[in-house]
Amino acid sequence: MPAEPVAPPAVTDDDPGGRTARRLVTVVAIAAVLPALYWPGRVHNFFDLKIYMRAMDWWSAGHPLYDYVQPDRVQGALYFTYPPFAALLLRPFALLPLGATVVIFTALTLLGVLVTTRWLVTPVIERHDLPRLFTLTVAVLLVFAVESTRETITFGQINMLLVVLILADLLFAVPGGRRWAGVGVGLATALKLFPGIFILYLLATRRWRAAIVASATATAATLLSAAVAPRDSWRFWTHELWATDRVGRTDYTGNQSLFGLLSRITAPEKPSQLPWLLLVLAITGYGLWRAARAANAGDELAGITLTGLVGGLVSPITWTHHLYWFIPAVVVLVDTALDTGPGTVPGGRRRRWLLTLAAGTAFVIIYGVVTFLDWGIAPTRTDSLGPFVARNAYVLLSLLLLAALPSRRVRRAQPDAA
């Protein structure tokens, strides 16, 4: 009789020690790369934070807050440009030694990265039964590798505080119908105007109460600032808010907004306002429509991410450290790819496309647009394809993700914010 066919041995994970070793090597390898990524940023030396503190010293001495100015080799001159409410929160730090302020801001940013990454990644871990500690560790290290995080830390920026407020509000309070839903977005908007786009998101998704709470919170914080510093508040809202030249040169490569792209095409002249405004209206309408569809389908994170990308595109000035929203985009792409079955040809192709887009996005935001590239000081017109793509990488990536970012149609329970 012919011999019975022998079945191949079952594949089992009988080498936990080898698996642990591979994971350890992965973590060490990523961690070893981080110093090289941060090395060019040492020249920033908490530059923005020092401007804040010098402005607070100037203000504490009795001078008008928005008269503060200091020369800069790239921008020409730099000013204090935040709303008065941000100044009220920053002013107590002027009582501390600068070194202590640097430590506090850096520690808060590190904590913000840890907390927000846990919020984003934990649902993916639970849905796909991934190794918790290893996945979280790799995710945190990769977030620290991203240029927006590096620039936030080395400049001494406050962006992670805004991200924590926005995500805590929109991932937990708003979907949970909490009474205080909208407060986080409102406070973030009072601190820095960029988060105001998320009030439009609340309106687009018909969270009327949360939108009213966010607007009322931003208004109350602004009125508090006006009561404490009436002249500075009046000056900001009637003049400084509209003087975009105070924030910096719009053509500088670090400005990764749609207006920055147009400015680099027309430099040294400013681009025409009308085409830009028409593009802003079109992108805002389309982006918020997609964001509302995603949220209504149960994918709150995709809706938030699309809204953040819209904000980055339509703001006249969007510095690289503002563009946190590529990070949740990668999470959405990877999660959707893991959900997509590779068993069929269309499913396999879609999965490969999603993973390719996720990997490409990760590569672009880690390498960045300003960290390793010197674009010079003088305004320079972009007149060839290579420099156009390199100088506008985040703008082009934002447009691509605005069209291609998927929304996951199954409502998922979000992790506890604690």
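In this text, all values refer to a predicted model and were calculated from it rather than measured experimentally.

Describing the packing of aromatic side chains
Then step 1. Throughout the structure, instances matching the rule amount to 17 aromatic pairs.
Then step 2. Where phenylalanine 236 meets tryptophan 237, the ring centres are 4.9 Å apart and the plane angle is 90°; that geometry is what we call edge-to-face.
Then step 3. A ring pair is formed by tyrosine 286 and tryptophan 289, whose centres lie 6.0 Å apart and whose planes are at 40°; its orientation type is tilted. One end of the pair is tyrosine 286 and the other is tryptophan 289, both in helix 13 (residues 273-296) and three residues apart, which spans about a single turn.
Then step 4. Exposure remark for tyrosine 286: the relative accessible area of 35% places this residue in the partly exposed category.
Then step 5. You can call tryptophan 289 partly exposed: its relative accessible area is 45%.
Then step 6. Counting every residue linked through ring pairs, the aromatic cluster contains Tyr52, Tyr66, Phe80, Tyr82, Phe236 and Trp237.
Then step 7. Directly above the ring of tryptophan 59 sits arginine 91, whose terminal nitrogen or CZ lies 4.6 Å from the centroid.

As for unusual backbone geometry
Then step 1. Between alanine 267 and proline 268 the backbone carries a cis peptide bond, its omega angle lying at 10°.
Then step 2. In this structure, proline 268 sits in the loop between helix 12 (258-266) and helix 13.
Then step 3. For asparagine 45, which is not glycine, the phi torsion reads 50° and is therefore positive.
Then step 4. Position of asparagine 45 among the secondary structure elements: in the loop between helix 1 (16-38) and helix 2 (47-60).
Then step 5. Assessed through its relative accessible area of 41%, asparagine 45 is described here as partly exposed.
Then step 6. At phenylalanine 46, a position not held by glycine, the phi torsion is positive, near 55°.
Then step 7. Taking relative accessible area as the criterion, phenylalanine 46 reaches 22% and is therefore assigned partly exposed.

Description of the environment of threonine 305
Then step 1. Inspection of the secondary structure puts threonine 305 in helix 14 (residues 300-314).
Then step 2. Separated by 23 residues in the primary sequence, threonine 305 and proline 328 place their C-alpha atoms 6.2 Å from one another.

Structural notes on the pairing of strand 2 (residues 76-79)
Then step 1. Pairing of strand 1 (residues 69-72) with strand 2, which is carried by four bridges, proceeds in the antiparallel orientation. Looking at the pairing, aspartate 72 lines up with glycine 76 of strand 2.

Regarding the nonpolar core
Then step 1. Counting 112 residues, the largest nonpolar core has Met56, Phe80, Leu120, Leu167, Leu170 and Trp325 as the members making the most contacts within it.
Then step 2. The dominant element in this core, judged by the number of residues it contributes, is helix 7 (residues 159-173), at eleven residues.
Then step 3. If we ignore the near neighbours within four places in the chain, the residues touching tryptophan 325 are Ile166, Leu167, Phe194, Phe198, Ile304, Thr305, Gly308 and Leu309.

The rules we used
- Residues numbered from 1 in each chain as written.
- Predicted model: local features only at pLDDT ≥ 70, side-chain atom pairs only at ≥ 80, totals over all residues.
- Heavy atoms only, no water.
- Phe/Tyr/Trp six-rings, centres within 6.5 Å; stacked < 30°, edge-to-face > 60°.
- Helix = DSSP H or I, 4+ residues; strand = E, 2+ residues; numbered from the N terminus.
- Buried < 20%, exposed > 50% of the residue type's maximum accessible area, 1.4 Å probe, protein only.
- Lys NZ or Arg CZ within 6 Å of the ring centre and 35° of its normal.
- Pairing = 2+ DSSP bridges.
- Core = buried A, V, L, I, M, F, W, Y, C linked by side-chain atoms within 4.5 Å.
- Contact = heavy atoms within 4.5 Å.

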